[in-house]
Amino acid sequence: MTEVTRAPAAKAHRTQAERREQTRTALLDATIDCLVELGHARTTVQEVCARAGVSKGAVQHHFATKAELMATAVEHLTTRLREQLASSLAELPSGGRGVAAAIDLLWEGYSGTLSTAVTELWVAARTDPELRAAIRPVDRALGRATLEHVTEVAGELPPERAQLLFWLTVNLTRGLALDAELGGDPKRRRQLLDEWKRIATMLYEDATP
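Summary of the structure given here. (Residues numbered from 1 in each chain as written. Predicted model: local features only at pLDDT ≥ 70, side-chain atom pairs only at ≥ 80, totals over all residues. Heavy atoms only, no water.)

**What to know about the overall build of the protein**
Part 1 of the argument: A tally of helices and strands in the protein yields nine helices and zero strands.
Part 2 of the argument: Shown N-terminal to C-terminal, the secondary structure of the protein runs as helices and strands in the order α-α-α-α-α-α-α-α-α.
Part 3 of the argument: What you see for the protein is a C-alpha radius of gyration of 22 Å, clearly larger than the 17 Å of a compact globule of 209 residues, by over 25%.
Part 4 of the argument: The proportion of buried residues among the 209 residues of the protein is 38%.
Part 5 of the argument: Sequence separation of 24 or more characterises 68% of the internal contacts of the protein that already satisfy a separation of 6 or more.
Part 6 of the argument: Distance between charge centres in the protein, computed from 26 positive and 28 negative side chains, equals 5 Å. (Helix = DSSP H or I, 4+ residues; strand = E, 2+ residues; numbered from the N terminus. Rg over C-alpha atoms; globule rule 2.2 N^0.38 Å. Buried < 20%, exposed > 50% of the residue type's maximum accessible area, 1.4 Å probe, protein only. Contact = heavy atoms within 4.5 Å. Lys, Arg positive; Asp, Glu negative; His and termini not counted. Charge placed at Lys NZ, Arg CZ, Asp CG, Glu CD.)

**With respect to helix H2 (residues 45-52)**
Part 1 of the argument: Every buried residue of H2 is accounted for by Val48, Cys49 and Ala52. Buried residues of H2 fall within an arc of 100° about the axis and therefore sit on the same side. For H2, the exposed residues lying more than 90 degrees away from the buried face are Gln46 and Ala50. (Arc of directions from axis to C-beta.)

**Here we look at the packing of aromatic side chains**
Part 1 of the argument: According to the stated counting rule, one finds one aromatic pair in the structure shown.
Part 2 of the argument: Ring centres of phenylalanine 166 and tryptophan 167 lie 4.8 Å apart, and the angle between their planes is 70°; on these two criteria the pair is classed as edge-to-face.
Part 3 of the argument: With relative accessibility at 1%, the residue phenylalanine 166 sits in the buried group. (Phe/Tyr/Trp six-rings, centres within 6.5 Å; stacked < 30°, edge-to-face > 60°.)

**Looking at the nonpolar core**
Part 1 of the argument: Core analysis: the biggest nonpolar cluster contains 37 residues, and Leu121, Leu131 and Phe166 have the highest contact counts within it.
Part 2 of the argument: Looking at this core, the elements that each hand over two or more residues are helix H1 (16-38), H2, helix H4 (66-90), helix H5 (96-109), helix H6 (112-125), helix H7 (129-154) and helix H8 (159-181).
Part 3 of the argument: For this core, the leading source of residues is H4, giving nine residues.
Part 4 of the argument: Once residues within four sequence positions are removed from consideration, leucine 131 is found in contact with His40, Ala67, Met70, Leu121, Ala124 and Ala125. (Core = buried A, V, L, I, M, F, W, Y, C linked by side-chain atoms within 4.5 Å.)

**Thoughts on the state of the cysteines**
Part 1 of the argument: Tallied over the entire structure, the rule returns zero disulfides.
Part 2 of the argument: Cysteine 34 forms no disulfide, and the closest cysteine sulfur to it belongs to cysteine 49, at a distance of 9.7 Å. (Disulfide = S-S within 2.5 Å.)

**Observations concerning the side chain of histidine 40**
Part 1 of the argument: Structurally, histidine 40 can be placed in the loop between H1 and H2.
Part 2 of the argument: Beyond its immediate sequence surroundings of up to four residues, histidine 40 is in contact with Leu35, Lys66, Met70, Glu120, Leu121, Ala124 and Leu131.

**Section: helix H9 (residues 186-207)**
Part 1 of the argument: Between the first and last C-alpha of H9 there are 31 Å, a value that for 22 residues agrees with the 32 Å anticipated at 1.5 Å per step.
Part 2 of the argument: When H9 is considered as a whole, its buried residues turn out to be Arg189, Leu193, Trp196, Lys197, Ala200, Thr201 and Tyr204. The buried residues of H9 occupy one face: seen down the axis, they fall within an arc of 135°. Facing away from the buried side of H9 by more than 90 degrees, the exposed set consists of Lys187 and Asp206. (Expected span 1.5 Å × (residues − 1).)

Written out as structure tokens, the structure reads:
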């Protein structure tokens, strides 16, 4: 019996929308890589295009200005972080143990790649009004979304107290992340984080029935 050789199935062509989204994602990922590795001052549109494997003209179809590209790149990264935090926070236990675990998650989220990229942009934004206007709503949106999940973990804690603990944690972890960027002592950072978890847990237990 003669074996019939089947031709390989034709690969489905990507739609224009899919190609556009792939290019956009490649540009955003390349921008984050540049911010982390080179810093904002040395991150150029030309370098981003080279890393993304697209022409310089392609950027103009997606982003009107460099500031918009930078802000959207951080939004791209924070969206992933928000989804990750939402999933992780949903699995936390309630009560004091949940508060301590939530602080650990926020530290993980507000340090690392996100912290490096955002710090670069915030420093640059101090003297760049266009960049500052572009990244401010991104930062606020991340804070609001994360606060909603933290408030759920806090359970019976009064909303105003939950917000206070949340923003204290965010500002502490951002400060610790900057300390890490500047080569600070990792043992000291861990001690400070552990001490804050102890205080936050105590404040939570004192404020709940």
